Amino acid sequence: MTYAEEQPEQMPQSWILRASPARARPYIQLARLDKPTGIWLLLWPCWWGLVLAAPAMHWRWPSFGLLILFAIGAIAMRAAGCVYNDVIDRKIDAQVARTRDRPVTAGIISVRDALIFAGALSLIGLLVLLALGHLAIQLGLLSVLLVLIYPFMKRFTFWPQLVLGLAFNWGALMAYAAETERLNWAAFCL
């Protein structure tokens, strides 16, 4: 039985789901590509970091190449983070009405297939990261720790959003470093 056959009464709400083949829809939902707010939350700090670097770069506009690289990276890494989070939280998500229909939790996508998908998305993110400067690469590798611990923070603290907020805003440091190859207090304040 296909995904479309399992849920025939549901009409996809977002344009990306409506435009996609039924087989791709669970992966789009797993990666939250149908809910782009998280992409913007990850991308805006990156772009602001590039803009903040302008004075250090003699008021030059941000590199168009870096704007595009950070956009691709934000899409891929937000999606990879969502997949990873859903795999880690699948048993908890099954007990919550808001999350019990997520593709991994509902059994539409296997854990193995989800991890392969997360690996492919992470590979895209790695390729973007390797196109940045040395300091930005180091910062990017550090950000992986935030992504890895976030799902577990929900089990040990009442404020896991602190870790999530750091993960989402880490791109400001990476972008500033990618443009200038250094960091200063302005980047940390952003």
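The text that follows walks through the structure, step by step, so that each part is easy to find. (Residues numbered from 1 in each chain as written. Predicted model: local features only at pLDDT ≥ 70, side-chain atom pairs only at ≥ 80, totals over all residues. Heavy atoms only, no water.)

1. Observations concerning a nonpolar patch on the surface
Together, Trp40, Trp44, Trp48, Val51 and Leu190 line one region of the surface with nonpolar side chains, adding up to about 540 Å² of accessible area. By the secondary structure assignment, leucine 190 is in the segment after helix H10 (185–189). Take leucine 190: its relative accessible area is 44%, and that puts it in the partly exposed class. (Patch = residues over 30% accessible without salt bridge, like charges linked within 9 Å, V, L, I, M, F, W, Y side chains within 5 Å. Areas by Shrake-Rupley, 256 points an atom, 1.4 Å probe, with all protein chains shown as cover. Salt bridge = Lys/Arg side-chain N within 4 Å of Asp/Glu carboxyl O. Helix = DSSP H or I, 4+ residues; strand = E, 2+ residues; numbered from the N terminus. Buried < 20%, exposed > 50% of the residue type's maximum accessible area, 1.4 Å probe, protein only.)

2. Description of the packing of helix H4 (residues 37–52) against helix H5 (residues 64–88)
Relative orientation of the contacting elements H4 and H5 amounts to 150°, with a least axis distance of 9 Å. With respect to each other, H4 and H5 are oriented roughly antiparallel. For the pair H4 and H5, the crossing hand works out as right-handed. Counting all contacts with H4, which are made through Gly38, Ile39, Leu42, Leu43, Cys46, Trp47 and Leu50, the residues of H5 involved are Leu66, Leu67, Phe70, Ala71, Ala74, Ile75, Met77 and Arg78. (Axes fitted to C-alpha atoms, helices over the stretch in contact; angles between N-to-C directions. Parallel < 35°, antiparallel > 145°, perpendicular 65-115°, else oblique. Left-handed = near helix turned anticlockwise from the far one by under 90°. Contact = heavy atoms within 4.5 Å.)

3. Details of the nonpolar core
Among the nonpolar cores identified, the biggest contains 29 residues, and Leu66, Phe70, Leu132, Leu139, Trp170, Met174 and Ala178 are the most heavily contacted of them. Of all the secondary-structure elements, those providing two or more residues to this core are H4, H5, helix H8 (134–156) and helix H9 (161–180). For this core, the element with the highest residue contribution is H9, accounting for 10 residues. Ignoring sequence-local partners within four residues, the contact set of alanine 178 consists of Leu66, Phe70, Leu132 and Ala136. (Core = buried A, V, L, I, M, F, W, Y, C linked by side-chain atoms within 4.5 Å.)

4. Digging into unusual backbone geometry
Of note in the backbone geometry, arginine 32 takes a positive phi value of approximately 55° without being a glycine. Residue position: arginine 32 is located in the loop between helix H3 (25–30) and H4.

5. Examining the packing of aromatic side chains
A complete count under the given rule lists 5 aromatic pairs for this structure. Relative to tryptophan 47, the ring of tryptophan 40 lies with its centre 6.4 Å away and its plane at 70°, an arrangement referred to as edge-to-face. The exposure class of tryptophan 47 is partly exposed, given its relative accessible area of 21%. Where tryptophan 185 meets phenylalanine 188, the ring centres are 6.0 Å apart and the plane angle is 55°; that geometry is what we call tilted. Residue tryptophan 185 and its partner phenylalanine 188 are both found in helix H10; the two are separated by 3 residues, about one turn of the helix. Judged by its relative accessible area of 70%, tryptophan 185 is exposed. Ring pairing ties together the aromatic residues Trp40, Trp44 and Trp47, which thus form one cluster. (Phe/Tyr/Trp six-rings, centres within 6.5 Å; stacked < 30°, edge-to-face > 60°.)

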